Amino acid sequence: PPLEVVVFASAAQVHDVSGDALLDGVLTHDWKGPLLLTAHAASFLDVTQLRLMLHELAHHFSAGALKRWPRWFGEGLAIYLETIVIDPEAKTAVRGAANQERLDEVTRWGILPVASLWAWDVEPEQLSGLEHHRAAASWFWVHFLFNEHRPALERFMRGLSEGDEPKAAWASAFGDLAPQKMADEAAAYIARQQTRSQKMDLGQLNIALTEKPLADAQVHALLARVAAATGAWPRARTEARAATTLDAHDIRAMEQSVVAQETAEARIAAARALTTELPSEASGWLLLALALPQGDAERGVALSRAVELEPLSAYALNELAAFRCGEGRCSESIELVEKASRLAPGDSRVQAGAAAVLMKAGQCSKAAVNQQRALEVLPHRASAALRGQLLSRLGEYLKCGR
């Protein structure tokens, strides 16, 4: 699914719609696909906001390029790419400039060894300072390896892109480099306080833009989607009502009217109205299926229709696979979840849903891989309870695989 980006006039607007005063921008996923929220300042994008957007974009596109990654490397790579500068006139980009804030943190707190960063995959942060320290150390190691051990780093990334288990990929790429030697080199690197950047030729850039104004109803529908995606349900319902009041027949307004309903019965009624008025829109059938009870036969019909109309909807594919597996047709669901997993590599829910189907189909090893991926791409703002649940399921899958 394409990445949809919503740029607000200011961070204050993001806070207002999301109801979160600390949320200046975020990459999230909902039933429609990936959604990036950001804001611009008086000079379009100030440095902080630009870096935040680049950070989230790095996560999104890295998820498509790397089939696996340890959490420290995914975060370190995103911070490393925050400082990229693109010159559209010269058609060049400079990457690897120092992230001064992270450099100061590493200098002040010291360099965490890579061996300790692997624990970030399974240990929730008990203290916010530990998370900041791990993030700064992750950035440092990515920067250090890009400059001092590029061939080995490229082998490591190649292994991750091919889906190798991260620790195995690391051992294959860096096995000849003793941990103490690496630590000594890292200490010397930080002591020099030198950071090298690389200029890259981007070739022909397509920077053409087209503008299409949104109708008022569509604006309110978009705000409803943003509010729902960030958990601000009262605001989502207010915006959805405004959208349908302005244009009760607009597709976006009708979609958000379904999503914002407070009861399953109301969601079903709203979704039926959408499928009746716009039967060729896949979204109505998916929303109807999501509103119906899990084992309802009509749910399977609606999901089949949604996938038929939009075969690239990872969420619909996953839900259809789960429904068919619930009917005892797990073997024919494997192809569906594998396709969904490829389409949405950065969506933790899709990866975890695929793992559940693969487990029921007897594909324990594959289920464990998808569950590990779900943990790797789980947003940092996700609750500790959700992370714990995913870890518990992973333990079950690994036990099954043995």
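Let me begin by describing the structure that accompanies this report. (Residues numbered from 1 in each chain as written. Predicted model: local features only at pLDDT ≥ 70, side-chain atom pairs only at ≥ 80, totals over all residues. Heavy atoms only, no water.)

As for the sheet that holds strand 1 (residues 4–8)
So, step 1. The sheet built from 3 strands is open, its strands ordered 1-3-2 with mixed pairing. The open sheet has two free edges, formed respectively by strand 1 and strand 2 (26–30), since each of these has just one partner strand. Strand-to-strand, the axes of this sheet are offset by a mean angle of 25°, without reference to chain direction.
So, step 2. Bridge analysis of strand 2 against strand 3 (residues 33–39) gives 5 bridges, and the strand direction is antiparallel. Counterpart to Val26 in the pairing with strand 3 is Leu37. (Pairing = 2+ DSSP bridges. Helix = DSSP H or I, 4+ residues; strand = E, 2+ residues; numbered from the N terminus. Axes fitted to C-alpha atoms, helices over the stretch in contact; angles between N-to-C directions.)

Points about the state of the cysteines
So, step 1. One pass over the full model with this rule turns up 2 disulfides.
So, step 2. Between Cys325 and Cys330 runs a disulfide, and the two sulfur atoms are separated by 1.9 Å. Taking the sign of the S-S torsion, 90° for the link of Cys325 and Cys330, the bridge is right-handed. Side by side, Cys325 and Cys330 carry an identical accessibility label, which is buried.
So, step 3. When the bonded cysteines of the protein chain are counted from the start of the sequence, the pairing works out to 1-2, 3-4. (Disulfide = S-S within 2.5 Å. Buried < 20%, exposed > 50% of the residue type's maximum accessible area, 1.4 Å probe, protein only.)

Overview of the sheet that holds strand 5 (residues 92–95)
So, step 1. The strand order across the open sheet formed by 3 strands is 4-5-6, and the pairing between neighbours is antiparallel. Of all strands in the sheet, those bounded by a partner on one side alone are strand 4 (85–87) and strand 6 (198–201). Taken pair by pair, the neighbouring strands of this sheet meet at an average axis angle of 20°, ignoring direction.

Overview of the packing of aromatic side chains
So, step 1. All chains considered together, the criterion is met by 14 aromatic pairs.
So, step 2. Measuring from ring centre to ring centre gives 5.5 Å for Trp141 and Phe144, while their planes differ by 85°; the resulting arrangement is edge-to-face. Of this pair, Trp141 and Phe144 are both found in helix 6 (residues 128–148), 3 residues apart, which corresponds to roughly one turn of the helix.
So, step 3. Note on Trp141: relative accessible area 3%, which makes it buried.
So, step 4. Aromatic pair Phe156 and Phe174: ring centres 6.3 Å apart, planes at 65°, arrangement edge-to-face. With a gap of 18 residues between them, Phe156 in helix 7 (residues 150–161) and Phe174 in helix 8 (residues 166–174) connect regions that are remote in the sequence.
So, step 5. Positioned above the aromatic ring of Trp69, the side-chain terminus of Arg373 is 4.8 Å from the ring centre. (Phe/Tyr/Trp six-rings, centres within 6.5 Å; stacked < 30°, edge-to-face > 60°. Lys NZ or Arg CZ within 6 Å of the ring centre and 35° of its normal.)

Focus: the pattern of salt bridges
So, step 1. Under the criterion given, the structure shown has 19 salt bridges.
So, step 2. For the salt bridge of Arg102 with Glu105, the shortest nitrogen-to-oxygen distance reads 3.4 Å. You can see Arg102 and its partner Glu105 sitting in helix 4 (residues 100–109), 3 residues apart, about one turn around the helix. By the burial criterion, Arg102 is buried, and Glu105 matches it.
So, step 3. Between Asp347 and Arg349 there is a salt bridge, with the nearest N and O atoms lying 3.2 Å from each other.
So, step 4. A relative accessible area of 5% places Asp347 in the buried class.
So, step 5. Sharing partners across several salt bridges, the network here consists of Arg324, Glu327, Arg329 and Glu332. (Salt bridge = Lys/Arg side-chain N within 4 Å of Asp/Glu carboxyl O.)

Remarks on helix 4
So, step 1. For helix 4, the full list of buried residues reads Arg102, Leu103, Glu105 and Val106. Down the axis of helix 4, the buried set is contained in an arc of 160°. They therefore lie on one face. Seen from the buried face of helix 4, the exposed residues on the opposite side, beyond 90 degrees, are Glu101 and Arg108.
So, step 2. Gly110, located one to two residues past helix 4, shows a positive phi value of around 100°. (Arc of directions from axis to C-beta.)

Focus: the packing of helix 10 (residues 216–229) against helix 12 (residues 251–260)
Pairs of packed helices are described in terms of their axes, by the angle between the two and the distance that separates them.
So, step 1. Where helix 10 meets helix 12, the axes come as close as 8 Å, and the angle between the chain directions of the two elements is 35°. Crossing of helix 10 over helix 12 shows left-handed handedness. Between helix 10, through Gln218, Ala221, Ala224, Arg225 and Ala228, and helix 12, the contact on the second element is made entirely by Arg252, Ala253, Gln256 and Val259.
So, step 2. Among the residues forming the contact of helix 10 with helix 12, the class breakdown is 5 nonpolar, 2 polar and 2 charged. (Left-handed = near helix turned anticlockwise from the far one by under 90°. Contact = heavy atoms within 4.5 Å. Nonpolar A, V, L, I, M, F, W, Y, C, P; charged D, E, K, R; others polar.)

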